[in-house]
Amino acid sequence: MAAELHVELVAADRSVWSGEATLVIARTTSGDIGVMPGHQPLLGVLESGPVTIRTSEGGTVVAAVHGGFISFADNKLSLLAEIAELADEIDPQRAERALERAKAESDAAAERRAEVRLRAVAVR
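Under an unreviewed UniProt entry, the protein chain has the name ATP synthase epsilon chain and belongs to Streptomyces ficellus. Under the heading Subunit (unreviewed entry), UniProt records this for the protein chain: "F-type ATPases have 2 components, CF(1) - the catalytic core - and CF(0) - the membrane proton channel. CF(1) has five subunits: alpha(3), beta(3), gamma(1), delta(1), epsilon(1). CF(0) has three main subunits: a, b and c."

What follows is the structure, encoded as structure tokens:
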């Protein structure tokens, strides 16, 4: 079994992160999933939530992902997201204001996006 897998995290508008990893944790419509090298092939639908990538160098990359697909085959994991932001790119104060605004406007979708962004920042 290989000791690492190649990961591509891509949003509709850009490549967000690419590299080698030992573990990726993501939320799918079937629940949370952890993918390690040698995992069975899979294809799933991503739910909004943080994605955690344990890099081969021992670091951790966290991204807020909003919808999309996850695919794994031949030790290559693709996360194709509608929207994805690395936790390091997220301004927590701005996300908090967006959450307050969404609650005030009763905008459930915007509220969910803001909550996911804040969870991603908390995980990093």
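S.K.: So what about the UniProt feature "domain: ATP synthase F1 complex delta/epsilon subunit N-terminal" (unreviewed entry) in the protein chain? Which residues, and what values?
M.R.: Per the UniProt record, "domain: ATP synthase F1 complex delta/epsilon subunit N-terminal" (unreviewed entry) is found at residues 5-83. End-to-end, the C-alpha atoms of residues 5-83 are 23 Å apart, and along that stretch the chain is 0% helix and 77% strand.

S.K.: Any chance you could break down the side chain of E85 for me, citing the residues and the numbers?
M.R.: With respect to the secondary-structure elements, E85 resides in strand β7 (residues 76-86). Not counting chain neighbours up to four residues away, the residues in contact with E85 comprise R14, V62, A63, A64, H66, I90 and R117.

S.K.: How would you summarise the nonpolar core if you had to cite specific residues and measurements?
M.R.: Membership of the largest hydrophobic core comes to 24 residues, with the highest contact counts inside it found for V7, L9, V24, I53, V65, L77 and L79. Beyond its immediate sequence surroundings of up to four residues, V7 is in contact with W17, S18, G19, A21, V24, I53, L77 and L79. Counting twelve residues, the second-largest nonpolar core is a separate cluster that includes A95, L99, V116 and V121.

S.K.: Before we move on, can you summarise the side chain of T55 with the specific residues and values?
M.R.: Structurally, T55 is set in strand β5 (residues 49-55). T55 sits in the buried class, given a relative accessible area of 10%. Setting aside chain neighbours within four positions, we find T55 in contact with W17, E20, A21, T22 and V61.

S.K.: Break down the pattern of salt bridges for me, with residues and values.
M.R.: Counting across every chain of the model gives three salt bridges. A salt bridge links R14 to E89; the shortest N-O distance between them is 2.7 Å. Residue R14 is located in strand β2 (residues 14-28), and its partner E89 is located in the loop between β7 and α1 (92-104); the two are separated by 75 residues in the primary sequence. The exposure class assigned to E89 is partly exposed, which follows from its relative accessible area of 41%. For R27, the salt bridge identified is with D32, shortest N-O distance 2.7 Å.

The rules behind these values
- Residues numbered from 1 in each chain as written.
- Predicted model: local features only at pLDDT ≥ 70, side-chain atom pairs only at ≥ 80, totals over all residues.
- Heavy atoms only, no water.
- UniProt positions renumbered as here; feature names shortened; annotations may be inferred.
- Helix = DSSP H or I, 4+ residues; strand = E, 2+ residues; numbered from the N terminus.
- Contact = heavy atoms within 4.5 Å.
- Core = buried A, V, L, I, M, F, W, Y, C linked by side-chain atoms within 4.5 Å.
- Buried < 20%, exposed > 50% of the residue type's maximum accessible area, 1.4 Å probe, protein only.
- Salt bridge = Lys/Arg side-chain N within 4 Å of Asp/Glu carboxyl O.

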